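# Secondary and tertiary structure notes
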Amino acid sequence: MSLTAGIVGLPNVGKSTLFNAITKKNILAANYPFATIDPNVGVVTVPDKRIDYLSELYKPERLIPTTFEFTDIAGLVKGASQGEGLGNKFLSHIREVDAIVEVVRCFNDDNIIHVENTVDPIRDIEIINVELMLADLEVVTNRIGRIEKKAQTSKDKESLKELDVMVRIKASLEENIPIRRLEFDEEERKILRPFNLLTAKPIIYLANVSEEDVVLGTNEYVEKVKEYAKLDNAEVIVACAKIESELSELSELDKKEFLNDLGIHESGLDKLIKATYSLLGLATYFTVGVEEVRAWTFKKGMKAPECAGIIHSDFERGFIRAEIMSYADLENYQSEKNIREAGKMRLEGKEYIMQDGDICHFRFNV
């Protein structure tokens, strides 16, 4: 599944440090605006204890976890929608992602320049949101100008429907309400899809805190971000980008010891990756055997033949049925043999909607 989450934020909030930690890539991270000019794309492994258990059970020759992409987008500034700070270029990069991770500075440090000179996470969030809404408003206003006359004169149902949606969005944006806070039916979502509107994208806020506050998991800035995030029904992940960067250089064993010393069970980045994976509407099914244990990413709501097609198009074209056991049952019964004896192995047909944690063997004939 080629879905991407874009990391956005004002300059010097910790985006590139965070991205370095996520992908273990050495992206330029400098203490001045626009250190990152072009978007950088990194593939991340989704932490999943299930694949570790399956590996222990089957002892395969190959173990392939599931992945998806993060894109690091250069820092936005006030006026980006009018081209400030190469804003138009950056906004176009955001259009290409499926979800947004907005990094918000929630720490004080006189040695790190803030583009607005003071630390105020809500102001920072609203600077970005306003720029994204202004960019969307331009797209929507232009579209209304193109279709309004045609819709009103021809009375074409599709054109009238699109005009109605665009007028409603325009009114919302003019009231500083992002599109993600509006409700749309499936037909309306289909109309909006080609426009890649920025504030229609789902969002997660990442509160970047100091090393001292990461153990507490909060501070006064974080609490303000959490209150604001409720408006978007969005999740807030608390992390210290500096610590995450240090963790990314360690082995898994040393990483666990480091986290234990801090009194933390899971790194902020592991939480972020899982939360973003879920935000993108993604889930995981598995194929297992002595040659390979592999996790496959699929979009929630996909049927068995579509999921089979992720492996190979022939699997979807010649799909007969899927032999499925759930991960929970396998963990409980501890072997395929025990699952069969307990009557927990299922044969599912073309209308079966794949579930997260399904372990599948696809039967097909081409």
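Above this text is the structure in question.
Quick caveat: nothing in here was measured; it's all calculated off a predicted structure. Here the residue numbering is sequential within each chain, running from 1 through the sequence in written order. Side-chain atom pairs in this predicted model are given and counted only at pLDDT of 80 or more, local residue features only at pLDDT of at least 70, and totals for whole chains, interfaces and linings cover all residues. As a convention, hydrogens and water are excluded, and side-chain values are obtained from all of the structure's heavy atoms.

## Description of the overall build of the chain
Secondary structure is summarised from DSSP: a helix means a run of H or I of at least four residues, a strand means a run of E of at least two, and numbering begins at the N terminus for each. Of the regular secondary structure elements, the chain holds 15 helices and twelve strands. Relative accessibility thresholds used throughout: buried, under 20% of the residue-type maximum; exposed, over 50%; partly exposed, between the two (1.4 Å probe, protein chains only). By residue count, 49% of the 366 residues in the chain fall in the buried class. Here a residue-residue contact requires only that any non-hydrogen atoms of the pair lie within 4.5 Å. Of all intrachain contacts in the chain linking residues separated by at least 6 positions in sequence, the fraction that spans at least 24 positions is 69%. Working definition of accessibility: Shrake-Rupley area with a 1.4 Å probe, residue cover restricted to the visible protein chains. A total accessible area of about 18,400 Å² is found for the chain, and carbon and sulfur atoms account for 48% of it.

## A closer look at the side chain of Glu348
Residue position: Glu348 is located in strand E11 (residues 346–348). Under the relative-accessibility criterion, Glu348 is labelled buried at 18%. Within polar-contact distance, the side chain of Glu348 engages the side chain of Arg346 at 2.9 Å. Sequence-distant contacts of Glu348, that is, excluding residues within four places in its chain, are made with Phe319, Arg321, Ala322 and Ile324. Side-chain atoms alone can form a polar contact between residues adjacent in sequence; in general such a contact is a pair of N or O atoms within 3.5 Å, and within protein one must be able to donate a hydrogen while the other accepts it.

## Examining the environment of Lys59
Within the element layout of this structure, Lys59 appears in the loop between helix H2 (49–58) and strand E3 (62–64). Given a relative accessible area of 64%, Lys59 falls into the exposed group. In the structure, Lys59 is positioned 232 residues away from Glu291 in sequence and 8.5 Å away in space, judged by C-alpha atoms. Ignoring sequence-local partners within four residues, the contact set of Lys59 consists of Leu54 and Val290. At 2.8 Å, the side chain of Lys59 and the backbone oxygen of Glu56 are in polar contact.

## Thoughts on the packing of aromatic side chains
Any pair of Phe, Tyr and Trp rings, taking the six-membered ring for Trp, is counted once the centres come within 6.5 Å. Such a pair is stacked with planes under 30 degrees apart, edge-to-face with planes over 60 apart, and tilted for the rest. Inspection of every chain in the model, using the stated rule, returns nine aromatic pairs. When the centroid spacing of 5.8 Å and the interplanar angle of 85° are considered together, the rings of Tyr53 and Tyr327 count as edge-to-face. Taken as a pair, Tyr53 in helix H2 and Tyr327 in helix H14 (residues 327–333) lie far apart in primary sequence, 274 residues in all. A network of ring pairs unites the aromatic residues Tyr285, Trp296, Phe298, Phe319 and Phe362 as a single cluster.

## A short note on the packing of helix H4 (residues 121–154) against helix H8 (residues 220–229)
It is at 9 Å that the axes of H4 and H8 come closest, and there the two elements cross at 40°. On the basis of the axis angle, H4 is oblique to H8. Residues Pro121, Ile122, Ile125, Glu126 and Asn129 of H4 touch H8, and the partners they reach there are Tyr221, Lys224, Val225 and Tyr228. In this classification, the charged set is Asp, Glu, Lys and Arg, the nonpolar set is Ala, Val, Leu, Ile, Met, Phe, Trp, Tyr, Cys and Pro, and all remaining amino acids, among them Gly, are polar. For the contact of H4 with H8, the residue count by class is six nonpolar, one polar and two charged. Note on geometry: axes are lines fitted to C-alpha atoms, helical ones only across the stretch in contact, with angles between N-to-C directions running from 0 to 180 degrees. Roughly parallel here means an angle under 35 degrees, roughly antiparallel means over 145, roughly perpendicular means 65 to 115, and every remaining angle is called oblique.

## Focus on the environment of Tyr352
Checked against the element boundaries, Tyr352 lands in the loop between E11 and strand E12 (358–364). Residue class for Tyr352 comes out buried when judged on its relative accessible area of 14%. Remark: the alpha-carbon pair of Tyr352 and Ala322, spanning 30 residues in sequence, is separated by 8.9 Å. Look past the residues within four positions of Tyr352 in its chain and what remains in contact with it is Met302, Lys303, Ala304, Ile324, Arg346 and Asp358. A distance of 2.7 Å separates the side chain of Tyr352 from the side chain of Asp358, its partner in a polar contact.

## Re the side chain of Asn208
Its location among the elements puts Asn208 in strand E6 (residues 203–208). Discounting residues that sit within four places of it in the chain, Asn208 has contacts with Val13, Gly14, Val103, Val104, Arg105, Cys106, Phe107, Ala239, Cys240 and Ala241.

## Quick word on empty space enclosed by the protein
Throughout, the protein atoms alone are placed on a 1 Å grid, and a set of points is a cavity if a 1.4 Å probe fits but cannot get out or a pocket if it is open with protein on both sides within 12 Å along at least five of seven lines; lining residues have an atom within 4 Å of a point. Grid points are joined across faces, edges and corners, and a volume is the space filled by probe spheres set on the points. Summed over all chains, the structure comprises one cavity of 30 Å³ or more. Of the volumes computed, that of the largest cavity is approximately 30 Å³. In this structure, the largest cavity is lined by Leu10, Val13, Glu102, Val103, Val104, Arg105, Asp124, Ile125 and Ile128. Every element with two or more residues in the lining of the largest cavity is listed here: strand E5 (99–105) and H4. The biggest single contributor to the lining of the largest cavity is E5, with four residues. Of the residues that constitute the lining of the largest cavity, the class distribution is six nonpolar, no polar and three charged.

## Points about the environment of Asp109
Residue position: Asp109 is located in the loop between E5 and H4. On the basis of relative accessible area, Asp109 is assigned to the partly exposed category, the value being 28%. Separated by 101 residues in sequence, Asp109 and Ser210 have C-alpha atoms that sit 8.7 Å apart.

## So, the sheet that holds strand E4 (residues 67–72)
Pairing is mixed in the open sheet, where six strands are placed in the order E2-E4-E1-E5-E6-E7. What marks the edges here is a single partner per strand, and that holds for strand E2 (40–45) and strand E7 (236–239). Strand-to-strand twist across the sheet, computed as the mean angle between neighbouring axes with direction ignored, equals 25°. Strand pairing is assigned whenever DSSP identifies at least 2 bridges connecting the two strands. Direction of pairing for E5 relative to E6: parallel, over a ladder of six bridges. Residue pairing across strands places Glu102 opposite Tyr205, the latter belonging to E6. Of the strands in this sheet, E5 and E6 are in contact with H4, which crosses E5 at around 145°.

## Quick notes on unusual backbone geometry
Leaving glycine aside, a negative phi is the common case for residues, and trans is the common case for peptide bonds. With a phi close to 60°, Asn176 is a non-glycine residue in the positive phi region. Along the chain, Asn176 falls in the loop between helix H5 (157–174) and helix H6 (186–192). Although it is not a glycine, Asn233 sits at a positive phi angle of roughly 50°. Position of Asn233 relative to the elements: it lies in the loop between H8 and E7.

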